[in-house]
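Structural overview for review
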Amino acid sequence: EVQLVESGGGLVQPGGSLRLSCAASGFSFSNHWMSWVRQAPGKGLEWVAYIKKDGGERYYVDSVKGRFTVSRDNAKNSLYLQMNSLTVEDAAVYYCARATVTTHYYFDYWGQGTLVTVSS
Amino acid sequence: EILMTQSPAILPVSPGEGATLSCRASENINSNLAWYQQKPGQAPRLLFYGASTRATGIPGRFTGSGSGTEFTLTISGLQSEDFAIYYCQHYYIWPPRLGLFGGGTKVDIK
């Protein structure tokens, strides 16, 4: 059974940092692109960052470039998101999502999310 | 940047009735579109990719269609578990890249 379990969310002050983790199991982690998708309270979905199978390519939404870093450790079946210089606009539930990239590109498994609150 | 516009924002439907949700792309995206369903307090669930290919376990009352710039998600005979928010998202095949999500359509009980 595919499982994605996020951790690391919490309350942080504006300008602070957090590191999110996603522990993957039940599939060959190193064979999948992975992504972080967030959802601000009462808002829609927004992909934040995604990373190629071997970590060789990483992409970010413009609003987090230079502040967030996505990484992975295939030996530990884990995905990470280092978030620096957080603002109130970054407050959201952050989902870890497995991407299947073949002739299409879609998220076929999602974690339950971890809540990031940015407030003074 | 290709923008995705979903309509309506809210769709009131009576149980047992059908629903038609629209997703429009600002440019031609061929069939590079996925649909997701999200229920309150839950993570999204994949419904379709390639605009019309049903994901594993998705009931046949859900149909995805369209290509180019106009896409439709049709739900026939709505059941209680179908009341949710539905999002479309486009993607690029090569090189593989993600596109934006639409703003979502909430299917509400009438």
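Summarised in this report is the structure supplied together with it. This structure is a prediction, so every number in the text was calculated from the model and none was measured.

As a further point, take the side chain of B:S14. Within the secondary structure layout, B:S14 lies in the loop between β2 (10–13) and β3 (19–25). Judged by relative accessible area, B:S14 falls into the buried class, the value being 18%.

Next up on the list: the interface of chain B and chain A. Across the boundary between the two partners, chain B contributes 23 residues, which contact 22 residues of chain A. Across the chain B to chain A interface the summed buried area is about 1,800 Å²; carbon plus sulfur atoms make up 67%. Inspection of the chain B/chain A interface yields zero salt bridges. Counting the contacts that link chain B with chain A gives eight residue pairs in polar contact (both at pLDDT 80 or more). Those elements that provide at least two residues to the side of chain B that touches chain A are β4 (33–38), β5 (45–49), β9 (85–92) and β10 (97–101) of chain B.

This brings us to the sheet that holds strand β7 (residues 68–73) of chain A. All names here are of chain A. An order of β1-β3-β8-β7 is seen for the four strands of this open sheet, with the pairing classed as antiparallel. Strands with a single pairing partner mark the edges of an open sheet, and in this sheet they are β1 (3–7) and β7. Each strand axis lies, on average, 15 degrees off the axis of its neighbour in the sheet, ignoring direction. Across six bridges, the pairing between β7 and strand β8 (residues 78–83) is antiparallel. Note that in β8 the partner of T69 across the bridge is Q82.

The next subject is the state of the cysteines. Evaluation of the coordinates by the stated rule reveals two disulfides over all chains. In this model, A:C22 is linked to A:C96 through a disulfide, with the two sulfur atoms separated by 2.1 Å. Across the disulfide from A:C22 to A:C96, rotation about the S-S bond amounts to roughly -65 degrees, and the bridge is consequently left-handed. Note that A:C22 is positioned in strand β3 (residues 18–25) and A:C96 in strand β9 (residues 92–101), a separation of 74 residues in sequence. Disulfide pairing is shown between B:C23 and B:C88; the S-S distance is 2.1 Å. Between B:C23 and B:C88 the disulfide shows an S-S torsion of about 75 degrees. By sign, it is right-handed.

A word on unusual backbone geometry. The step from B:S7 to B:P8 runs through a cis peptide bond, and the omega angle for that step is -10 degrees. Residue placement: B:P8 occurs in the loop between β1 (4–7) and β2. Of the consecutive residues B:W94 and B:P95, the connecting peptide bond is found in the cis state with omega at -5 degrees. The residue B:P95 is located in the loop between β9 and β10 in this model. Positioned with a positive phi, A:N77 is a non-glycine residue whose angle comes to about 50 degrees. In this fold, A:N77 is placed in the loop between β7 and β8. A residue is classified by how much of its surface remains accessible, and A:N77, at 30% relative accessible area, is partly exposed. Of note in the backbone geometry, B:A51 takes a positive phi value of approximately 70 degrees without being a glycine. One can find B:A51 in the loop between β5 and β6 (53–54). By relative accessible area, which is 0% here, B:A51 ends up buried.

About the thresholds
- Residues numbered from 1 in each chain as written.
- Chains lettered and ligands numbered in written order.
- Predicted model: local features only at pLDDT ≥ 70, side-chain atom pairs only at ≥ 80, totals over all residues.
- Heavy atoms only, no water.
- Helix = DSSP H or I, 4+ residues; strand = E, 2+ residues; numbered from the N terminus.
- Buried < 20%, exposed > 50% of the residue type's maximum accessible area, 1.4 Å probe, protein only.
- Contact = heavy atoms within 4.5 Å.
- Buried area = accessible area lost by both parts, 1.4 Å probe.
- Salt bridge = Lys/Arg side-chain N within 4 Å of Asp/Glu carboxyl O.
- Polar contact = N/O pair within 3.5 Å; in protein donor to acceptor, adjacent residues only side chain to side chain.
- Pairing = 2+ DSSP bridges.
- Axes fitted to C-alpha atoms, helices over the stretch in contact; angles between N-to-C directions.
- Disulfide = S-S within 2.5 Å.

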